[in-house]
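Here is how the chains run, residue by residue.
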Amino acid sequence: MAEAALAQGSGHPALGRSPELSVVVPLYNEEESLPHLVQKLLAALRPLGRSFELVLVDDGSKDGTAAVLRDLAARVPELVAVLLRRNYGQTAAMAAGFDASGGGVIVTLDGDLQNDPADIPMLLARLEQDDLDLVSGWRQQRQDGALDRLLPSLLANRLIARVTGVRLHDYGCSLKAYRREVVSDMNLYGELHRFLPALAFIEGARIGEVRVSHQARRYGRSNYGIDRTFRVLMDLLTVWFMKRFLTRPMHVFGFAGLLALLVGLAIAAWLVGEKLLLGADIGNRPLLLMAVLAILTGVQLFSFGLLAELQMRTYHESQGRPIYRVRATVRGEPG
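Each value, and the rule that gives it
Residues numbered from 1 in each chain as written. Predicted model: local features only at pLDDT ≥ 70, side-chain atom pairs only at ≥ 80, totals over all residues. Heavy atoms only, no water. Salt bridge = Lys/Arg side-chain N within 4 Å of Asp/Glu carboxyl O. Helix = DSSP H or I, 4+ residues; strand = E, 2+ residues; numbered from the N terminus. Buried < 20%, exposed > 50% of the residue type's maximum accessible area, 1.4 Å probe, protein only. Pairing = 2+ DSSP bridges. Axes fitted to C-alpha atoms, helices over the stretch in contact; angles between N-to-C directions. Contact = heavy atoms within 4.5 Å.

J.: Whenever I open this one, the pattern of salt bridges confuses me. Can you help?
T.: This model, assessed by the stated rule, comprises 9 salt bridges. Ionic pairing is found between Arg 75 and Asp 71, a salt bridge with its closest N-O pair at 2.9 Å. With Arg 75 and Asp 71 both in helix 3 (residues 65–75), this residue pair falls 4 residues apart, about one helical turn. For Arg 75, a relative accessible area of 28% translates into the label partly exposed. Judged by relative accessible area, Asp 71 falls into the partly exposed class, the value being 41%. The salt bridge partner of Asp 131 is Arg 206, with a shortest N-O separation of 3.3 Å. Here Asp 131, found in the loop between helix 5 (120–129) and strand 5 (134–139), pairs with Arg 206, found in the loop between helix 8 (196–202) and strand 7 (207–212); they are 75 residues apart in sequence, far enough to count as distant. Residue Asp 131 is classed as partly exposed on the basis of its relative accessible area, which comes to 41%. Given the relative accessible area of 32%, Arg 206 is considered partly exposed. When salt bridges with common partners are traced through the structure, they connect Asp 131, Asp 133, Arg 179 and Arg 206 into a single cluster.

J.: Teacher, can you tell me more about the sheet that holds strand 3 (residues 79–83) here?
T.: Hydrogen bonds between backbone atoms are what pair the strands of a sheet, whose relative direction is either parallel or antiparallel. Read across the open sheet, the 7 strands follow the order 3-2-1-4-6-5-7; overall the sheet is mixed. Each having just a single partner strand, strand 3 and strand 7 make up the two edges of the open sheet. Taken over all neighbouring pairs, the strand axes of this sheet differ in orientation by 20° on average, direction set aside. Where strand 5 lies against strand 6 (residues 176–179), 3 bridges are found, and the strand directions are antiparallel. Counterpart to Ser 136 in the pairing with strand 6 is Lys 176. On top of the sheet, helix 2 (residues 34–45) reaches strand 1 (21–27), strand 2 (52–58) and strand 3; it is set at about 160° to strand 2, its chief contact.

In C-alpha cells:
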C-alpha cells in the first residue's frame, strides 16, 4: 500500500522545465522516519495540481539514511537526493538543498516528522494571497520537553525578535515557505539557518506567520542539545551587525574608535597639565596607562573600520551585489 502511494501520480515537471515548488528537507540519521515523511509529503503535494520536487539532503548520516534515499529515488520521480560527503551541519545542508532546487517557491521542514506536511498548502496560500516573500510556521501545542526545549526556545524567540526587529513567535520552526528570489539573495554560513527570516528581512522581504501543528517525535532522538545556546548567541551578534552595519561598518568601529581616542586624549591632556602646572609625578599614575591604552584602542578601532569598509566594497563589487534590492519596476505606458 505504501509503495503504491509512493509510485502513483506525479508532480514531476516535464523535461527541461523547472518545478513550481521545491520542498527542501535536511536529514541526519532519519532512516526510520524517511519513508513515512516522503509518503506524507506526496499525499500533501500531489493533490495541489502543481509541479513539485522533493529535495532531500543527507547531511552525512551515520545510519542507513543514504541507502533509503537511493531506494526512494528509484521509485519516486519527484525525489531529488543530495548526499553530502560528511556532516556539515543543518545550515550547510539547507544551502545545498537550495542550490539543488529549481522551484519558484521553496518550502523547508525537518525530517523527523514533527512538522506536518499537511500544513504546507496553508503556508503556500498565505504566501500567495498576501503577496509575501516568506511565511514562517508558528508551532502550536509543542510536543517537546518544558525545561530543555520550550523554555530556552521562548527566551531565544523573544531575544531574537527584539534584536533583529522581526516579530515572529517561533524562530525555531523549520516549516517555512520562501520565494526563490529571497533565497537567492541570502548567503548562508555557520549556524545562520535559525535566522533566515532576519536575513530575509535585511534583504527587504515581506514576512508573515501562520499557526501550524507540531507532532511528537516518533523515531530516533533529537540532534539538538543545550550546547546550541552559545552558537545561537554568537550568530545573533552576527545578524545584528549585518542588519545595522553591513554596508557601513565604519559607523560602528569609527564611533567606538573616536570615543576611545577622545577619552585617551582628554586623560593625557589632564596629566600633562598636572605635570607642567603642578610639577606632579605622573610616571607611576594608573591614569597614564589608561590614556595610552585608550589612544591605542582608538587608533586600532579606526583601522578595523577602514579594513572592514574595504572588505565590504570587495564583497559587493566582486560578486556584483548591489547595496539595494528592487521589488518591482513600473513604467508608464506610452500614450
